[in-house]
Amino acid sequence: MMWRRVAVPACVLGALHACVPAAAPVSGAGSEPGMNAAALVPPGHGTLRQDDFTVSLRNGALLVKVTPLAEAVIRLAAPDTYERLHALVESRRVELTAVAAEAEPVLFLVSFFSYQPDAPFRPDDLHLLSRGRLLRPQAILSLTPAWGAQRLEQQQTQSAIYVFEAGVDLELPLTVRYGRVESDEWSRILERLRLERGRVRARAGG
């Protein structure tokens, strides 16, 4: 059964967090879910824009964007982009620890944008295909106030953090699927990340 949380009261979060072992990092310090530890480079030397490592797909009036939040990916971004995405994860770390089904989930920032008024979207219809497996989110943590309405006005964006199991391998081709539409754009992004990782190591002195 899929775990899904849209909003959790602060008092409940505090109680849940107290029961979680302290050694469980969520997509960040120490280990690196979704990627080999060797892929981790020092932050502050990247040049990529967020869209450079974001998978986008169009479904009718909707534009869906899926951005991995793994440190090994976002450290390749320009410093301001890295700081923004890193801070986003850190600001929700307590909630992420509370709702994750395992110690090291793989996180994605997912946004839905509408080109038309009163457009419905279905958060649970976004899936990943990784290594031949269809993966559903274990949890969804809303970032924008009207996420729960699941409807968009024209030019409006709603966003959330999606929590997936550690079996998602960001170093391999990955398919993003929403409804009947899917994108294999990650395969092209992987080469872009590989090239930028080499440049970052050179800028950082190895």
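Preceding this paragraph is the structure being described.
Parameters and conventions
Residues numbered from 1 in each chain as written. Predicted model: local features only at pLDDT ≥ 70, side-chain atom pairs only at ≥ 80, totals over all residues. Heavy atoms only, no water. Helix = DSSP H or I, 4+ residues; strand = E, 2+ residues; numbered from the N terminus. Buried < 20%, exposed > 50% of the residue type's maximum accessible area, 1.4 Å probe, protein only. Contact = heavy atoms within 4.5 Å. Expected span 1.5 Å × (residues − 1). Arc of directions from axis to C-beta. Salt bridge = Lys/Arg side-chain N within 4 Å of Asp/Glu carboxyl O. Pairing = 2+ DSSP bridges. Phe/Tyr/Trp six-rings, centres within 6.5 Å; stacked < 30°, edge-to-face > 60°. Axes fitted to C-alpha atoms, helices over the stretch in contact; angles between N-to-C directions.

*Asks:* For the overall build of the protein chain, give the residues involved together with the corresponding values.
*Replies:* Within the protein chain, the secondary structure is distributed over five helices and 11 strands. Classification of the 206 residues of the protein chain by burial places 48% in the buried group. Summarising the internal contacts of the protein chain: among those between residues at least 6 apart in sequence, 78% fall at separations of at least 24.

*Asks:* Outline helix H3 (residues 79–91), listing residues and values.
*Replies:* Over its 13 residues, H3 runs 18 Å from end to end, which matches the ideal 18 Å to within 8%, given 1.5 Å per residue. Those residues of H3 not exposed but buried are Thr81, Tyr82, Leu85, Leu88 and Val89. Around the axis of H3, the buried residues are gathered within 130° of arc, so they sit on the same side. Set apart from the buried face of H3 by more than 90 degrees, the exposed residues are Asp80, Glu83 and Ser91. Looking at the buried residues of H3, the elements they touch are helix H2 (71–74), helix H4 (93–99), strand E3 (106–114) and strand E9 (157–164).

*Asks:* So what's going on with the pattern of salt bridges? Which residues, and what values?
*Replies:* Overall, the coordinates contain 12 salt bridges when judged by the stated rule. The salt bridge partner of Arg199 is Glu196, with a shortest N-O separation of 3.4 Å. Here the residue Arg199 and the residue Glu196 both occupy positions in helix H5 (residues 186–203), the gap between them amounting to three residues, near one helical turn. Among the charged side chains, a salt-bridge network with shared partners connects Glu196, Arg199 and Arg203.

*Asks:* Can you explain the pairing of strand E2 (residues 62–68)? Please cite residues and give values.
*Replies:* Counting buried positions along E2 gives six out of seven residues, so the element sits mostly inside the fold. Of the pairings in the sheet, the one linking strand E1 (residues 55–59) to E2 comprises five bridges and is antiparallel in character. In the strand pairing of E2, Ser56 is matched with Lys65. Here E1 folds back onto E2 in antiparallel fashion, the turn holding two residues, of which Gly60 has a positive phi close to 65°. In the sheet, E2 pairs with E3 via seven bridges, with the strands oriented antiparallel. Pairing of Val64 across the sheet is with Phe112, part of E3.

*Asks:* Tell me about the packing of aromatic side chains, and please be specific about residues and values.
*Replies:* Scanning the entire structure with this criterion turns up eight aromatic pairs. Ring geometry for Trp147 and Tyr162: centres 6.3 Å apart, planes at 80°, overall edge-to-face. With Trp147 in the loop between strand E7 (139–142) and strand E8 (151–152) and Tyr162 in strand E9, the pair connects residues that are 15 residues apart, well separated along the chain. Neither residue differs from the other here; Trp147 and Tyr162 are each classed as buried. Connected via pairs of aromatic rings, a cluster forms that spans Phe108, Phe112, Phe121, Trp147, Tyr162, Phe164 and Tyr178.

*Asks:* Residue-level account of the sheet that holds E3, with values.
*Replies:* The five strands are arranged E1-E2-E3-E9-E7 in an open sheet whose pairing can be described as antiparallel. The sheet is open, and its two borders are formed by E1 and E7, each paired with just one other strand. Across this sheet, the average inter-strand angle for adjacent strands is 25°, counted without regard to direction.

*Asks:* So what's going on with the sheet that holds strand E5 (residues 126–130)? Residues and values would help.
*Replies:* Pairing is antiparallel across the open sheet formed by four strands, whose spatial order is E6-E5-E10-E11. Each edge of the open sheet is held by one strand with a lone partner, namely strand E6 (133–135) and strand E11 (181–183). Put simply, the sheet's adjacent strands are angled 25° from each other on average, direction ignored.

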